[in-house]
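Listed below, chain by chain, are the residues.
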Amino acid sequence: MEEFYRIRRLPPYVFEQVNRAKAAARNAGADIIDMGMGNPDLPTPAHVIEKLKETLGKPRTDRYSASRGITGLRKAQAGYYERRFGVKLNPETQIVATLGSKEGFANVAQAITAPGDVVLVPNPSYPIHAFGFLMAGGVVRSVPAEPTPELFEALERAIIHSIPKPIAMIVCYPSNPTSYVATLDFYKDLVAFAKKHEIFILSDLAYAELYFDGNPPPSVLQVPGAIDVTVEFTSMSKTFSMAGWRMGFAVGNERIIAALARVKSYLDYGAFTPVQVAATAALNGPDDCIREMREIYHKRRDTLVESFGRAGWDIPPPNASMFAWAPLPEKFRSIGSMQFATLMVEKSGVVVSPGVAFGEHGEGYVRIAMVENEQRIRQAARNLRRFLESGIETLHNVVPLANRR
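So, here is what we can say about the structure in this document.

Each value, and the rule that gives it
Residues numbered from 1 in each chain as written. Predicted model: local features only at pLDDT ≥ 70, side-chain atom pairs only at ≥ 80, totals over all residues. Heavy atoms only, no water. Helix = DSSP H or I, 4+ residues; strand = E, 2+ residues; numbered from the N terminus. Rg over C-alpha atoms; globule rule 2.2 N^0.38 Å. Buried < 20%, exposed > 50% of the residue type's maximum accessible area, 1.4 Å probe, protein only. Contact = heavy atoms within 4.5 Å. Lys, Arg positive; Asp, Glu negative; His and termini not counted. Charge placed at Lys NZ, Arg CZ, Asp CG, Glu CD. Phe/Tyr/Trp six-rings, centres within 6.5 Å; stacked < 30°, edge-to-face > 60°. Pairing = 2+ DSSP bridges. Axes fitted to C-alpha atoms, helices over the stretch in contact; angles between N-to-C directions. Parallel < 35°, antiparallel > 145°, perpendicular 65-115°, else oblique. Left-handed = near helix turned anticlockwise from the far one by under 90°. Nonpolar A, V, L, I, M, F, W, Y, C, P; charged D, E, K, R; others polar. Salt bridge = Lys/Arg side-chain N within 4 Å of Asp/Glu carboxyl O.

## Details of the overall build of the protein
Then step 1. If you tally the helices and strands in the protein, you get 14 helices and 12 strands.
Then step 2. In terms of overall size, the protein behaves like a compact globule, its C-alpha atoms giving a radius of gyration of 22 Å where 405 residues would be expected to give roughly 22 Å.
Then step 3. Going through the 405 residues of the protein one by one, you find that 55% of them count as buried.
Then step 4. Sequence separation of at least 24 residues holds for 76% of the intrachain contacts in the protein that already meet a minimum separation of 6.
Then step 5. Each charge sign in the protein was given a centre, from 46 positive and 42 negative side chains, and these centres are 4 Å apart.

## Points about the side chain of Ser 307
Then step 1. With respect to the element layout, Ser 307 can be found in helix H12 (residues 288-310).
Then step 2. For Ser 307, a relative accessible area of 3% puts it in the buried group.
Then step 3. Leave out the neighbours within four places in its chain, and Ser 307 touches Ile 377, Arg 378 and Ala 381.

## Overview of the environment of Thr 342
Then step 1. Looking at the element boundaries, Thr 342 is found in helix H13 (residues 336-348).
Then step 2. Judged by relative accessible area, Thr 342 falls into the buried class, the value being 5%.
Then step 3. Between the C-alpha atom of Thr 342 and that of Ala 369, which follows or precedes it by 27 residues, the distance is 16 Å.
Then step 4. Residues in contact with Thr 342, not counting those within four places in the same chain, are Gln 17, Val 18 and Ala 21.

## Regarding the packing of aromatic side chains
Then step 1. Evaluation of the coordinates by the stated rule reveals 17 aromatic pairs.
Then step 2. A centroid spacing of 5.9 Å and a plane angle of 85° characterise the contact between Tyr 80 and Tyr 81, whose relative ring orientation is edge-to-face. The pair formed by Tyr 80 and Tyr 81 is uniform in burial state, with each residue classed as buried.
Then step 3. With a centroid separation of 5.1 Å and 35° between ring planes, the pair formed by Phe 332 and Phe 387 is classed as tilted. Here Phe 387 lies in helix H14 (residues 374-390) and Phe 332 lies in the loop between strand S9 (323-327) and H13, a separation of 55 residues in the sequence.
Then step 4. Assessed through its relative accessible area of 2%, Phe 387 is described here as buried.
Then step 5. A network of ring pairs unites the aromatic residues Phe 152, Tyr 173, Phe 186, Tyr 187 and Phe 193 as a single cluster.

## Let's talk about helix H6 (residues 127-135)
At 3.6 residues per turn, the α-helix brings residues three or four places apart onto the same side.
Then step 1. When H6 is considered as a whole, its buried residues turn out to be Ile 128, His 129, Ala 130, Gly 132, Phe 133 and Leu 134.
Then step 2. Taken together, the buried residues of H6 touch helix H5 (100-112), strand S3 (118-123), strand S4 (139-144), strand S5 (168-172) and strand S6 (200-204).
Then step 3. Once H6 finishes, Gly 137 follows within two positions and takes phi at roughly 95°, a positive value.

## A short note on the sheet that holds S3
Then step 1. Strand order in the open sheet formed by 7 strands is S2-S8-S7-S6-S5-S3-S4, with mixed pairing between adjacent strands. Two strands lie at the open edges of the sheet, namely strand S2 (95-98) and S4, each paired on one side alone. Each strand axis lies, on average, 20° off the axis of its neighbour in the sheet, ignoring direction.
Then step 2. Of the strand pairs in this sheet, strand S7 (residues 230-235) and strand S8 (residues 248-252) are connected by 5 bridges, and their pairing is antiparallel. Residue pairing for S8: Glu 232 is matched across the bridge by Val 251.
Then step 3. The sheet strands contacting H5 are S2, S5, S6, S7 and S8, and the helix crosses S7 at an angle near 155°.
Then step 4. With respect to the sheet, helix H8 (residues 184-197) is in contact with S5 and S6, its orientation differing from that of S5 by roughly 170°.

## What to know about the packing of H12 against H14
Then step 1. Following both chains from N to C, one finds H12 and H14 inclined at 20°, their axes separated by 9 Å at the closest point. Taken together, H12 and H14 sit at an angle that is classed as roughly parallel. Taken as a pair, H12 and H14 cross one another with a handedness that is right-handed. Residue-level inspection shows Lys 299, Arg 300, Thr 303, Leu 304, Ser 307, Phe 308 and Arg 310 of H12 in contact with H14, the latter providing Glu 374, Ile 377, Arg 378, Ala 380, Ala 381, Leu 384 and Arg 385.
Then step 2. Along the lines of polarity and charge, the residues of the contact of H12 with H14 split into 6 nonpolar, 2 polar and 6 charged.

## Quick notes on the pattern of salt bridges
Pairs may arise between side chains of opposite charge once their charged atoms sit close together.
Then step 1. Within the structure shown, the criterion is met by 22 salt bridges.
Then step 2. A salt bridge links Asp 34 to Lys 22, with the shortest nitrogen-to-oxygen separation between them at 2.9 Å. Taken together, the residues Asp 34 in strand S1 (residues 33-34) and Lys 22 in helix H2 (residues 16-27) connect sequence positions 12 residues apart.
Then step 3. Residue classification places Lys 22 among the buried positions, given a relative accessible area of 15%.
Then step 4. Between Asp 287 and Arg 291 there is a salt bridge, with its nearest N and O atoms 2.8 Å apart.
Then step 5. For Asp 287, a relative accessible area of 40% translates into the label partly exposed.
Then step 6. Given the relative accessible area of 46%, Arg 291 is considered partly exposed.
Then step 7. A single network of salt bridges, built from pairs that share partners, joins Asp 31, Glu 372 and Arg 376.

Encoded structure:
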């Protein structure tokens with residue numbers, strides 16, 4: 001029987017092969033060190049949990065909530081943007097609470113995309129950036145992910161050669177998976193480009209607080225006039241280790257925010273009210289927990305780079321995000337990122353994400369999530385040393401691509 005239309009537009013789940021290898025290794029009793037998914041292992045701050053407990057069971061909190069987010073939560077997000085970026089937002093017209101930034105991207109795609117509309121998406125990129133629009137009936141055109149002059153050259157070519165003209169472009173800095181960071185000057189040029197060509201900017205800023213070089217990543221909305229063409233998505237998943245709480249935001253251009261709010265009003269009643277109240281407490285509360293979280297990830301990054309380097313794998317240190325974007329070790333490059341990641345699980349018990357899962361231009365890399373503590377990262381390095389020293393020729397059932405027929 002023929003697949004449903006939207007299912008046909010989705011490729012096979014690219015992590016399936018690695019997940020099968022992980023499940024088989026666990027079933028065999030292996031100690032798996034999982035650095036594949038960006039799933040924070042740090043606890044949610046105590047004051048946030050206490051606010052959740054305090055709110056549970058209060059009158060009316062078990063009823064349907066507000067799809068756009070309760071008023072206090074939207075005001076708290078406005079306060080965060082003013083403190084952090086110097087950007088003033090109207091909580092009534094320029095902010096919508098989302099069930100994580102992923103849901104926000106998927107539903108904004110439904111809100112603004114007509115069948116056949118073209119959207120410019122970085123490659124490699126977090127999958128929802130492309131597949132949200134594919135599921136909405138749009139067409140994706142890939143552009144480079146790195147914030148360099150070459151990106152603008154590619155954007156210009158895409159504008160000229162795309163029929164119909166693109167309606168929007170996606171940016172994600174600090175980037176998942178590459179950890180690239182953009183400057184405010186880059187955003188100024190990006191906003192000028194978007195206004196010149198009359199297209200929207202959809203910015204993913206989920207890793208705004210996870211930086212290591214002392215320079216906080218900017219928001220594109222800091223550019224004067226950016227709000228005319230921009231909506232930005234943030235998430236509480238990484239900043240407050242609230243991934244399972246599913247709380248994020250879309251902020252910016254009133255026309256897009258209104259369209260997103262209207263779509264959401266047909267699809268959900270918002271997050272559970274006590275979760276929204278606790279999220280409000282997180283945004284309005286002390287930021288010591290954010291600094292502590294940042295320092296923990298900083299130490300993990302340094303441990304990863306140092307211990308993996310001693311094991312024979314040089315990892316470029318990321319300046320931001322919770323990921324390292326690592327080129328395959330030279331002697332394994334011929335087998336590709338999917339086979340390499342699968343072998344890592346089978347031979348070392350260490351899980352990473354194959355770069356090709358984030359787009360064809362992610363081939364040759366793997367993404368390593370810093371979601372294990374320093375001791376476990378060092379253990380991963382010890383396991384890897386034996387695997388890396390073995391070489392392809394000693395690993396059965398592996399045929400380098402160049403030798404395949």
